[in-house]
Amino acid sequence: MATKIAENLYKQVVPLPNNPLREINAYIITGEKNLVIDTGFNRPECEEALRSAFDELGIRETDLFITHLHSDHCGLIGKFAQASSTIYAGETDGELINFETGNLYWRMLDDLFVKYGFPKADFGYNTDIHPGRKYCQDTRVNFTYVQEGDVLEYGGYHLHPVLTPGHTPGHMCLYDPEKKLLFGGDHILGTITPNICIELSLENPLQAYLDSLKKVEQLDVETLLTAHGTPVPNMYDRIHELYQHHTARLAEVVKILGVEWKTAYTVARDMTWEIDCKNWEEFPAPQKWFATGEAISHLQYLYFSGQADREERGGVYHYRNKETV
């Protein structure tokens, strides 16, 4: 059942089966024109949940806004967009979504992770284990690209796109300055910290993410609507918690690195993770992938900020602390 949040604004919880995230919040603005913000995976359980909200609200046609390229946010575009629909996204992630529909994107991402030490020989390619590949939008999308300065008007809301790279290269939020309302996508989450991972075209994702947090911190926001979990009571308090989290993470990575050259994969193995597994060997393969990606983002931050050395050995990046050599 769709939950009414405010006038002409509803939230539909869409399940993400067999995924640690469990569910995604799709937001629906009704009016003369309708707008859906994010969708769910391209799988029947997600489609059924979102379609039930459409039936409940009497929606037959809608426009869509996609906050970023991950498949739990864009997988159902092809199931809900009609010929009359306008499908909005930022250009960077919109282009990557269309690139994802073919195998080349995923093979390039495979090769990128292998370069950072992910051992493909142990459990195959990313395309075999990554839920984003399994449940992605499977046909190219004719996006209408938005940028900062544009305004989307739906149901009495005046939505300003805000570019917030970090979680993905071109993540976008929507901000209504009059209502002091921010649709935050995965930029700020309350129950978990957003995964900050290496991506095609984004070499230093953690720096980009921290810069984007500072950018959003300047907005006047009373209501933050997140793509996962429950609303965040105070966005500014949560932003400072995220700063603290990454400061602690960086300190942990520095300690793990020590004087020996290590890959991101071996660093990820020794980091602290909140997952119900006794050891790294018990981690499901997709979680090893995401953990390695997060380790890469922190190592790249240390490298670009001059706190760590990086050396390529046998086609694989290795890192060590600069101050210990």
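Quick note: structure is the one above.
Residues numbered from 1 in each chain as written. Predicted model: local features only at pLDDT ≥ 70, side-chain atom pairs only at ≥ 80, totals over all residues. Heavy atoms only, no water.

S.K.: Would you mind showing me how to read helix H5 (residues 103-115) here?
M.R.: Residue pairs spaced three or four apart in an α-helix point in one direction, given the helix's 3.6 residues per turn. Between its first and last C-alpha, H5 extends 18 Å over 13 residues, near the 18 Å set by a 1.5 Å rise per residue. Along H5, the residues that are buried comprise Tyr105, Trp106, Leu109, Asp110, Leu112 and Phe113. Taken down its axis, H5 places every buried residue within 165° of arc, on the same side. Of the residues one or two after H5, Gly117 is the one with positive phi, at around 105°. (Helix = DSSP H or I, 4+ residues; strand = E, 2+ residues; numbered from the N terminus. Expected span 1.5 Å × (residues − 1). Buried < 20%, exposed > 50% of the residue type's maximum accessible area, 1.4 Å probe, protein only. Arc of directions from axis to C-beta.)

S.K.: Honestly, the packing of helix H4 (residues 91-100) against H5 in this entry has me stumped. Any pointers?
M.R.: Each pair of packed helices can be summarised by the angle the axes make with each other and by the distance between the axes. Axis separation between H4 and H5 bottoms out at 6 Å; the angle between their running directions is 100°. If you check the angle between H4 and H5, you find them roughly perpendicular. Together, Leu96, Phe99 and Glu100 of H4 and Leu104, Tyr105, Trp106 and Met108 of H5 make up the contact between the two elements. Residues of the contact of H4 with H5, tallied by class, amount to six nonpolar, no polar and one charged. (Axes fitted to C-alpha atoms, helices over the stretch in contact; angles between N-to-C directions. Parallel < 35°, antiparallel > 145°, perpendicular 65-115°, else oblique. Contact = heavy atoms within 4.5 Å. Nonpolar A, V, L, I, M, F, W, Y, C, P; charged D, E, K, R; others polar.)

S.K.: Any chance you could explain the state of the cysteines here in plain terms?
M.R.: Disulfides are covalent bonds that connect the sulfur atoms of two cysteines. One pass over the structure, following the stated rule, counts zero disulfides. For the unlinked cysteine Cys74, the closest cysteine sulfur is that of Cys136, found at 7.6 Å. Lacking any disulfide linkage, Cys197 is separated from the closest cysteine sulfur, that of Cys74, by 16 Å. (Disulfide = S-S within 2.5 Å.)

S.K.: Honestly, the pattern of salt bridges in this entry has me stumped. Any pointers?
M.R.: A side chain of one charge can pair with a side chain of the opposite charge when the charged atoms of the two come close. Considering all chains together, one arrives at 13 salt bridges under this definition. Between Arg43 and Glu45 there is a salt bridge, with the nearest N and O atoms lying 2.9 Å from each other. Classification of Arg43 by relative accessible area gives buried; the value is 12%. Residues Glu311 and Arg313 are paired through a salt bridge, measuring 2.7 Å at the closest nitrogen-oxygen approach. A relative accessible area of 32% places Glu311 in the partly exposed class. We classify Arg313 as partly exposed; its relative accessible area is 38%. (Salt bridge = Lys/Arg side-chain N within 4 Å of Asp/Glu carboxyl O.)

S.K.: In this structure, what is going on with the packing of aromatic side chains? I would like to understand it.
M.R.: Under the defined criterion, the tally for this structure stands at 15 aromatic pairs. Relative to Tyr265, the ring of Phe118 lies with its centre 5.8 Å away and its plane at 85°, an arrangement referred to as edge-to-face. Linking Phe118 in the loop between H5 and helix H6 (120-123) with Tyr265 in helix H11 (residues 264-270), this pair joins segments that are 147 residues apart in sequence. Among the residues examined, Tyr265 registers a relative accessible area of 12% and is labelled buried. (Phe/Tyr/Trp six-rings, centres within 6.5 Å; stacked < 30°, edge-to-face > 60°.)

S.K.: Can you walk me through the packing of helix H9 (residues 205-217) against helix H10 (residues 235-257) in this structure?
M.R.: At a minimum axis separation of 10 Å, H9 and H10 run at an interaxial angle of 160°. Judged on the interaxial angle alone, H10 and H9 are roughly antiparallel. Every pair of crossing elements has a handedness; the one defined by H9 and H10 is left-handed. Residues Leu206, Tyr209, Leu210, Leu213, Lys214, Val216 and Glu217 of H9 lie in contact with H10, whose contacting residues are Met235, Tyr236, Ile239, His240, Leu242, Tyr243, His246 and Leu250. Of the residues belonging to the contact of H9 with H10, the class tally is 11 nonpolar, two polar and two charged. (Left-handed = near helix turned anticlockwise from the far one by under 90°.)

S.K.: Where do I start with the sheet that holds strand S2 (residues 9-15) in this structure?
M.R.: Spatially, S1-S2-S3-S4-S5-S6-S7 is the arrangement adopted by the seven strands of the open sheet, whose pairing is mixed. Every interior strand has two partners, whereas the edge strands, strand S1 (3-6) and strand S7 (144-146), have only one. Averaged over all adjacent pairs, the angle separating strand axes in this sheet is 30°, with direction ignored. Relative to strand S5 (residues 63-65), strand S4 (residues 35-37) is paired through three bridges, and the arrangement is parallel. Residue pairing in the sheet places Val36 in a bridge with Leu64 of S5. Sheet strands in contact with helix H1 (residues 44-57) are S2, strand S3 (23-29) and S4, and its direction is about 155° off that of S2. Across the sheet, H4 is in contact with strand S6 (87-90) and S7; its angle to S6 comes to roughly 110°. (Pairing = 2+ DSSP bridges.)

S.K.: Which parts of the structure should I look at to understand the sheet that holds strand S9 (residues 157-163)?
M.R.: Strand pairing in a sheet is mediated by backbone hydrogen bonds. Such pairs are either parallel or antiparallel. The five strands lie next to each other as S8-S9-S10-S11-S12, forming an open sheet whose pairing is mixed. Each of the sheet's edge strands pairs with one partner strand only, and the pair in question is strand S8 (152-154) and strand S12 (223-226). Each neighbouring strand pair of the sheet contributes to a mean axis angle of 25°, computed without reference to strand direction. Sheet topology places strand S10 (residues 172-176) next to strand S11 (residues 181-185); three bridges connect them, and they run antiparallel. Bridging across to S11, Tyr175 finds its partner in Leu182.

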